[in-house]
Amino acid sequence: MFTYLFRKVAMLPIMLLAVSLLIFSAVRLLPGDPARVMAGPQATQEAVNDMHERLGLGRPFIVQYQVFLSSALRGDLGESLHSKLPVTQDIAERLPYTAGLALTSYLFAMLVGLSTGIFAAIYRGTWFDHLAMIIAILGASVANFWLALMALTLFSVQLGWLPLLGADSWKSYILPSVTLGVLPAALIARMTRASMLENLHQDFVRTARAKGLSSGAVYLRHTLRNALIPIVTIVGLNFGGLLGGAVITETVFNWPGLGRLLVDAVRFRDYAVIQGVTLLTVVIVVSINLLVDVLLSAIDPRIRFE
Amino acid sequence: MTRAATKPSQQPRRRKLLRYPNLVIGAVITLAVVLMGLAAPLLTSYDPYLQNLGDSLQLPSAAHLFGTDEFGRDLLTRVLYGARISLLEVTLSVSLALAIGLPLGVVAGYFGGVVDQTITWCADILYAFPGIVLAILIVSILGTNLINMLIAISVFSIPGYIRLTRSLTLALKELQYTEAALSLGASVPRIMFLHILRNALAPILVQATLTAGEVILSAAGLSFLGLGVQPPAAEWGAMMSEGRNYLGIATHLSLFPGLAITFTVLGLNLLGDGLRDRLDPRFRGRL
């Protein structure tokens, strides 16, 4: 177990090093003088020279990367061109909103996806199963920002039940969380149903029934527990997708999170922010994937011996 | 006599197809979208770009079935022409991802060792980025237009193709026909690209169909954010972005392009599911 975990954790810094190198090189690939681009279109020659000095553009590439990396490790990701604040401060202000949105969306997705998948498998072939799977495939096909626009029109503009924009109260979380959670809910429902069906006819389930266990115990303790591996995998793998989706959802709802920060940064050509937000997003995704690996190896010991 | 002779042979085939309703419905929807795009000039008499400010923001009516936009352009016409852009996006983006992902996957699976580790490692790095975030990074560097957006979308689809082709190659290179080809003196590229890749085509086709839906959603998302296709192009995501300012007043501006996206992606997802059921019976009726 510890060797498996050690191997996984040891790979993390190497992976992040490679990602940071990729992001760093990508921003240096900008056409023209990176210092002029990063200093902004209205920058004076003096400001451009300052930026040139700050980025160390006269030095060899590898030295520039070393400077970037050591600053990043100290929490210095540069200064935002737009807000004039340190990028880490901008990120720290926005991160709780994105984390809150991701958490509530995933709670919604797990609740709806798991329960729909379990009941669809138990009542396979009934109207509930058919209806649930039709809704699930529609949920996997719909653009979440379109759903967000339509929900906003109905519940905020027409009926006035929910706040229109921003993140001022708990009510503000309802529409963004639900519209962002629809796709993962659909995927979890389909995967739960498939995985439950695969296990429902196994010998150990028959044995559990023969022992006289209640239906609830058979379905939840014996079937679902064994069906969890593909479900946990899909939940983990989709976290990156959820963060990606949040970029668009946050823009629709004027949500003050990382996604909107990124989109605004692209609009203002604020490369220090683009670099910082992208790097942080990858760190989050890679860490979640590691967590899923650990969780999977705890659920199924066979995985860590592969 | 002729009818009697053809009927028995056709019936089992028809019955066989009906066992895969996803495949049939998905194929019909996808074909409808393709035809909609190709025959757009025949299906409507309006121009998708010609402005007529006197007719702006009209609700759906007999003259304009989907209403008109803020510049008085017929929305149905723009939605129909939008299918052309979406088809172009899917074709270019999937082709580019296949052209890079497949050879890398085959080479990784066939040679193994350091080559495999290097290619898999690079694919893993790209996999660590959420697709849209990677696309935004690329577009912010290359600039916002259709081609750059398609490059960005292709880049995040590539690791999926590398992983799939690599795992298929690992299995196929052990099969007897590969050994037979090798012992008959076939060259390594011939074995990789003719024998192995040709036999791996079915699962790759399924993956390509399923990622085609993702391409449309991602492209629409990027254009909605203003980072992809730019107005006045009749692109569904860009049209929704324009319609966003008129929610509650002229909701049809966002409603219809969104329905077109859902309809198209639904068709591609059903087609992909159906193809997978048809090609791999283990999945039948499961997902």
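Residue numbers here run from 1 along each chain, matching the order of that chain's written sequence. Each chain gets a letter, beginning with A, and each ligand a number, beginning with 1, in the order they are written. At least 70 in pLDDT is required for a residue's local features to be given in this predicted model, at least 80 for side-chain atom pairs to be given and counted, and no such filter applies to totals for whole chains, interfaces and linings, which use all residues.

J.: Explanation requested: the overall build of chain B in the structure shown.
T.: A tally of regular secondary structure across chain B gives twelve helices and zero strands. Under the DSSP-based scheme used, a helix requires at least four consecutive residues in state H or I and a strand at least two consecutive residues in state E, with every element numbered from the N terminus. Reading the secondary structure of chain B in the N-to-C direction produces α-α-α-α-α-α-α-α-α-α-α-α. Judged by the C-alpha coordinates and their principal axes, chain B covers about 75 × 65 × 30 Å. Residues are called buried when their C-beta atom has 20 or more other C-beta atoms within 10 Å, exposed when it has 12 or fewer, and partly exposed otherwise; all C-beta atoms are positioned from the backbone. In chain B, buried positions account for 47% of the 287 residues. Residue pairs qualify as contacts under a 7 Å threshold applied to their C-beta atoms, which are placed from the backbone. Partitioning the contacts of chain B with sequence separation of at least 6, the portion at a separation of at least 24 is 68%.

J.: Teacher, can you tell me more about the overall build of chain A here?
T.: Assigned secondary structure in chain A consists of 13 helices and zero strands. When the helices and strands of chain A are placed in sequence order, the string is α-α-α-α-α-α-α-α-α-α-α-α-α. Going through the 306 residues of chain A one by one, you find that 39% of them count as buried. Put simply, 71% of the contacts in chain A that link residues at least 6 apart link residues at least 24 apart.

J.: Mind showing me how you'd approach the interface of chain A and chain B here?
T.: Much of the literature gives interface size as the accessible area that the parts lose upon coming together. Across the contact, 41 residues belong to chain A and 35 residues belong to chain B. The dominant element in the side of chain A that touches chain B, judged by the number of residues it contributes, is helix H7 (residues 144-158) of chain A, at eight residues.

J.: Help me understand the environment of B:Gly258, please; the structure alone is not making it clear to me.
T.: Along the chain, B:Gly258 falls in helix H12 (residues 252-279). By C-beta crowding, B:Gly258 is classed as buried, having 24 other C-beta atoms within 10 Å. Sequence-wise, B:Gly258 and B:Gly237 are 21 residues apart; in three dimensions their C-alpha atoms are separated by 7.8 Å. Not counting chain neighbours up to four residues away, the residues in contact with B:Gly258 comprise A:Ala143, A:Trp146 and B:Met240.

J.: What is the right way to look at the packing of helix H10 (residues 201-224) of chain B against H12(B) in this model?
T.: Helices that pack against each other are described as a pair by the angle of their axes relative to one another and the distance between those axes. Residue and element names in this part refer to chain B. Comment: axis = line fitted to C-alpha atoms, over the contacting stretch for helices; angle = value between 0 and 180 degrees taken between N-to-C directions. Interaxial distance between H10 and H12 falls to 9 Å at its minimum, and their mutual angle equals 165°. Classified by the angle between their axes, H10 and H12 sit roughly antiparallel to one another. The hand of the H10/H12 crossing is left-handed. Counting all contacts with H10, which are made through Ala202, Leu205, Val206, Thr209, Leu210, Ala212, Gly213, Ile216, Leu217 and Ala220, the residues of H12 involved are Ile261, Thr264, Val265, Leu268, Asn269, Leu271, Gly272, Leu275, Arg276 and Leu279. By the definition adopted for this analysis, an angle is roughly parallel if under 35 degrees, roughly antiparallel if over 145, roughly perpendicular if from 65 to 115, and oblique otherwise. A crossing counts as left-handed when the near helix is turned anticlockwise from the far one by less than a right angle, and as right-handed when that turn is clockwise.

J.: Is there a simple way to explain the confidence of the model for chain B in this structure?
T.: Parts of the model with low pLDDT should not have their predicted coordinates read in detail. Here chain B shows a mean pLDDT of 87. Residues at 70 or above account for 91%. The pLDDT score gives, residue by residue, the confidence of the prediction method on a 0 to 100 scale. A low-confidence stretch, residues 1-6 of chain B (pLDDT under 50), is modelled with zero contacts involving residues beyond four sequence positions or located in other chains.

J.: Mind showing me how you'd approach helix H10 (residues 215-252) of chain A here?
T.: Spacing of three or four residues puts side chains on the same side of an α-helix, whose turn is 3.6 residues. Its 38 residues give H10(A) an end-to-end C-alpha distance of only 44 Å, which falls more than 12% under 56 Å, the value for a rise of 1.5 Å per residue. Looking one or two places after H10(A), you find A:Asn254, whose phi comes out positive at around 55°. Here a helix's expected span is defined as the number of its residues, less one, multiplied by 1.5 Å.

J.: What exactly am I supposed to notice about the domain arrangement of chain A here?
T.: Residues and elements named next belong to chain A. An automatic or database domain assignment provides the domain bounds reported here. Once the domains are mapped, chain A shows domain 1 (18-73) and domain 2 (95-305). At the junction of the two partners, domain 1 supplies six residues and domain 2 supplies seven residues. Mapped by element, the contributors of at least two residues to the side of domain 1 that touches domain 2 are helix H1 (2-28) and helix H2 (34-39). Per element, the largest residue contribution to the side of domain 1 that touches domain 2 is four residues, and it comes from H1.

J.: Mind showing me how you'd approach unusual backbone geometry here?
T.: Among all residues save glycine, negative phi is the norm, and among peptide bonds the norm is trans. The linkage connecting B:Pro231 with the following residue, B:Pro232, adopts the cis geometry, with an omega of 10°. Within the fold, B:Pro232 resides in the loop between H10 and helix H11 (236-243). With a phi angle near 55°, A:Asn254 is a residue other than glycine that sits in the positive phi range. Tracing the backbone through its elements, the reader meets A:Asn254 in the loop between H10 and helix H11 (258-267). Despite not being glycine, B:Leu57 shows a phi value in the positive range, around 55°. Position of B:Leu57 among the secondary structure elements: in the loop between helix H3 (40-43) and helix H4 (75-111).

J.: I tried to follow the nonpolar core on my own but got confused; where do I start?
T.: A general trend in soluble globular proteins is that nonpolar side chains are found buried together. A set of buried Ala, Val, Leu, Ile, Met, Phe, Trp, Tyr and Cys residues, joined through C-beta atoms within 7 Å, is what we mean by a nonpolar core. In terms of nonpolar packing, the biggest core is built from 152 residues, with A:Ile188, A:Leu262, B:Ala135, B:Ile136 and B:Ile216 touching the most fellow members. Broken down by element, this core gets its largest block of residues, 15 residues, from H4(B). Mapping this core onto the domain boundaries places at least three of its residues in each of domain 1 (18-73) and domain 2 (95-305) of chain A.

J.: So what exactly am I meant to see when it comes to the environment of A:Pro230 here?
T.: Residues and elements named next belong to chain A. Here Pro230 lies in helix H10. A residue is classified by how many C-beta atoms lie within 10 Å of it, and Pro230, with 14 of them, is partly exposed. As for Pro230 and Asp264, which are separated by 34 residues in sequence, their C-alpha atoms are 37 Å apart.

J.: Looking at this structure, I do not really get the packing of H4(B) against helix H9 (residues 188-199) of chain B. What am I missing?
T.: All names here are of chain B. Contact geometry for H4 and H9: axes closest at 11 Å, N-to-C directions at 95°. The orientation of H4 relative to H9 falls into the category roughly perpendicular. For the pair H4 and H9, the contacting residues are Leu102, Val106 and Tyr110 in the first and Met192, Phe193, Ile196 and Leu197 in the second. Here the term charged refers only to Asp, Glu, Lys and Arg, the term nonpolar to Ala, Val, Leu, Ile, Met, Phe, Trp, Tyr, Cys and Pro, and the term polar to all other amino acids, Gly among them. Along the lines of polarity and charge, the residues of the contact of H4 with H9 split into seven nonpolar, no polar and no charged.

J.: What exactly am I supposed to notice about the environment of A:Leu183 here?
T.: All names here are of chain A. Residue placement: Leu183 occurs in helix H8 (residues 174-200). Note on Leu183: 23 C-beta atoms within 10 Å, which makes it buried. Counting along the chain gives 90 residues from Leu183 to Glu93, while the straight-line C-alpha distance between them is 27 Å. Apart from residues no more than four positions distant in its own chain, Leu183 is found in contact with Gly139, Ala140, Asn144 and Gly245.

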